[in-house]
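An overview of the molecular structure
Listed here are the chains, written in short residue letters.
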Amino acid sequence: MNSRISYRQGDILFVKVDRIPIDQVSVLALTIKEGETSGHRHKMIYGGATLTRPWNTNNDSKIFYNHQEIGYLEVKDHVLIGHEEHKPIYLSKGIYQILQQRTYNPLEGDIYGTD
(Lines give C-alpha, C1' and ligand atoms only; values in the text may rest on other atoms or scores of the structure.)
Protein backbone atom coordinates (compact mmCIF):
# COMPACT_ATOMS: atom_id res chain seq x y z
CA MET A 1 0.00 0.00 0.00
CA ASN A 2 1.35 3.41 -1.02
CA SER A 3 0.46 5.96 1.67
CA ARG A 4 1.35 9.63 1.73
CA ILE A 5 1.96 11.85 4.71
CA SER A 6 -0.92 14.29 5.07
CA TYR A 7 -2.23 16.83 7.55
CA ARG A 8 -5.74 18.26 7.78
CA GLN A 9 -6.91 21.57 9.17
CA GLY A 10 -10.67 21.81 8.81
CA ASP A 11 -11.49 21.43 5.11
CA ILE A 12 -7.88 21.99 3.99
CA LEU A 13 -5.60 19.00 3.37
CA PHE A 14 -1.81 19.23 3.07
CA VAL A 15 -0.35 16.18 1.26
CA LYS A 16 3.43 15.73 1.15
CA VAL A 17 4.65 15.32 -2.45
CA ASP A 18 8.00 15.07 -4.23
CA ARG A 19 7.82 18.17 -6.42
CA ILE A 20 5.86 21.26 -7.45
CA PRO A 21 4.29 21.01 -10.93
CA ILE A 22 5.55 23.32 -13.64
CA ASP A 23 2.20 25.18 -13.91
CA GLN A 24 2.68 26.85 -10.48
CA VAL A 25 4.00 30.32 -9.69
CA SER A 26 5.13 31.75 -6.34
CA VAL A 27 2.89 34.30 -4.67
CA LEU A 28 3.71 36.74 -1.89
CA ALA A 29 0.97 35.82 0.56
CA LEU A 30 0.59 34.45 4.06
CA THR A 31 -3.06 33.47 3.55
CA ILE A 32 -3.44 30.00 2.07
CA LYS A 33 -7.24 30.02 1.82
CA GLU A 34 -9.94 32.39 3.03
CA GLY A 35 -13.28 30.93 4.12
CA GLU A 36 -16.07 31.27 1.56
CA THR A 37 -18.69 32.24 4.15
CA SER A 38 -16.91 32.91 7.45
CA GLY A 39 -14.02 35.05 6.21
CA HIS A 40 -11.68 33.09 8.48
CA ARG A 41 -8.28 32.25 7.02
CA HIS A 42 -5.88 29.33 6.89
CA LYS A 43 -2.62 31.27 7.13
CA MET A 44 1.07 30.91 7.85
CA ILE A 45 1.77 32.16 11.38
CA TYR A 46 5.55 31.70 11.47
CA GLY A 47 8.29 29.78 9.73
CA GLY A 48 9.76 29.75 6.26
CA ALA A 49 7.61 28.64 3.36
CA THR A 50 6.79 29.63 -0.22
CA LEU A 51 3.19 29.46 -1.44
CA THR A 52 2.44 28.75 -5.10
CA ARG A 53 -0.78 28.94 -7.10
CA PRO A 54 -1.67 27.65 -10.57
CA TRP A 55 -0.29 29.97 -13.26
CA ASN A 56 -3.44 29.97 -15.42
CA THR A 57 -5.85 32.21 -13.50
CA ASN A 58 -8.68 31.41 -15.94
CA ASN A 59 -8.69 27.87 -14.55
CA ASP A 60 -7.14 28.38 -11.14
CA SER A 61 -8.05 25.02 -9.68
CA LYS A 62 -8.05 21.36 -10.56
CA ILE A 63 -10.65 18.96 -9.21
CA PHE A 64 -9.31 15.71 -7.73
CA TYR A 65 -12.20 13.41 -6.79
CA ASN A 66 -13.85 15.41 -3.97
CA HIS A 67 -10.98 17.88 -3.52
CA GLN A 68 -9.99 21.13 -5.23
CA GLU A 69 -6.32 21.99 -5.63
CA ILE A 70 -5.43 25.33 -4.05
CA GLY A 71 -1.69 25.24 -4.74
CA TYR A 72 1.53 24.06 -3.15
CA LEU A 73 3.55 25.00 -0.10
CA GLU A 74 7.31 24.55 -0.11
CA VAL A 75 8.40 24.52 3.53
CA LYS A 76 12.07 25.48 3.90
CA ASP A 77 12.51 24.53 7.55
CA HIS A 78 9.15 24.43 9.33
CA VAL A 79 5.92 26.43 9.36
CA LEU A 80 2.93 26.84 11.66
CA ILE A 81 -0.49 27.10 9.97
CA GLY A 82 -3.24 28.83 11.95
CA HIS A 83 -7.01 29.26 11.64
CA GLU A 84 -9.54 30.96 13.91
CA GLU A 85 -11.73 27.84 14.33
CA HIS A 86 -9.15 25.02 14.19
CA LYS A 87 -6.07 23.98 16.12
CA PRO A 88 -2.81 25.13 14.52
CA ILE A 89 -0.79 22.55 12.61
CA TYR A 90 2.96 22.27 12.26
CA LEU A 91 4.48 21.27 8.91
CA SER A 92 8.10 20.14 8.68
CA LYS A 93 10.47 20.68 5.75
CA GLY A 94 9.10 19.46 2.41
CA ILE A 95 6.64 20.17 -0.38
CA TYR A 96 2.90 19.93 0.25
CA GLN A 97 0.03 19.92 -2.21
CA ILE A 98 -2.82 21.96 -0.74
CA LEU A 99 -6.32 20.63 -1.36
CA GLN A 100 -9.71 21.86 -0.21
CA GLN A 101 -12.33 19.25 0.49
CA ARG A 102 -15.36 19.84 -1.67
CA THR A 103 -18.94 18.68 -1.32
CA TYR A 104 -20.98 17.64 -4.35
CA ASN A 105 -24.76 17.87 -4.29
CA PRO A 106 -26.10 15.70 -7.14
CA LEU A 107 -29.58 17.25 -6.86
CA GLU A 108 -28.20 20.74 -7.43
CA GLY A 109 -25.20 19.75 -9.56
CA ASP A 110 -23.03 22.09 -7.52
CA ILE A 111 -19.58 21.60 -6.05
CA TYR A 112 -18.93 23.86 -3.10
CA GLY A 113 -16.57 24.25 -0.17
CA THR A 114 -17.33 23.18 3.35
CA ASP A 115 -16.14 26.37 5.08
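Read on for a plain summary of the structure. (Residues numbered from 1 in each chain as written. Predicted model: local features only at pLDDT ≥ 70, side-chain atom pairs only at ≥ 80, totals over all residues. Heavy atoms only, no water.)

With respect to the helices, strands and loops of the structure, glutamine 9 is situated in strand S1 (residues 6-9). Polar side-chain contacts of glutamine 9 include one of 3.1 Å to the backbone oxygen of isoleucine 81. A polar atom in the side chain of glutamine 9 sits 3.1 Å from the backbone oxygen of lysine 87. Leaving out residues up to four positions away in the same chain, glutamine 9 has contacts with His42, Ile81, Gly82, His83, His86, Lys87, Pro88 and Ile89. (Helix = DSSP H or I, 4+ residues; strand = E, 2+ residues; numbered from the N terminus. Polar contact = N/O pair within 3.5 Å; in protein donor to acceptor, adjacent residues only side chain to side chain. Contact = heavy atoms within 4.5 Å.)

To continue, consider the nonpolar core. Membership of the largest hydrophobic core comes to 14 residues, with the highest contact counts inside it found for Phe14, Ile32, Leu73, Ile81, Leu91 and Ile98. Going through the elements one at a time, strand S2 (12-17), strand S5 (41-54), strand S7 (67-83) and strand S8 (86-105) are the ones with two or more residues in this core. In terms of residue count, S7 provides more of this core than any other element does, five residues in total. (Core = buried A, V, L, I, M, F, W, Y, C linked by side-chain atoms within 4.5 Å. Buried < 20%, exposed > 50% of the residue type's maximum accessible area, 1.4 Å probe, protein only.)

In this section: the pairing of S2. S2 sits mainly inside the fold: five of its six residues count as buried. One ladder, built from four bridges, connects S1 with S2; its direction is antiparallel. In the sheet register, arginine 8 faces S2, and the bridge partner there is leucine 13. Connecting the antiparallel pair S1 and S2 is a turn made up of two residues, with glycine 10 showing a positive phi of about 65°. (Pairing = 2+ DSSP bridges.)

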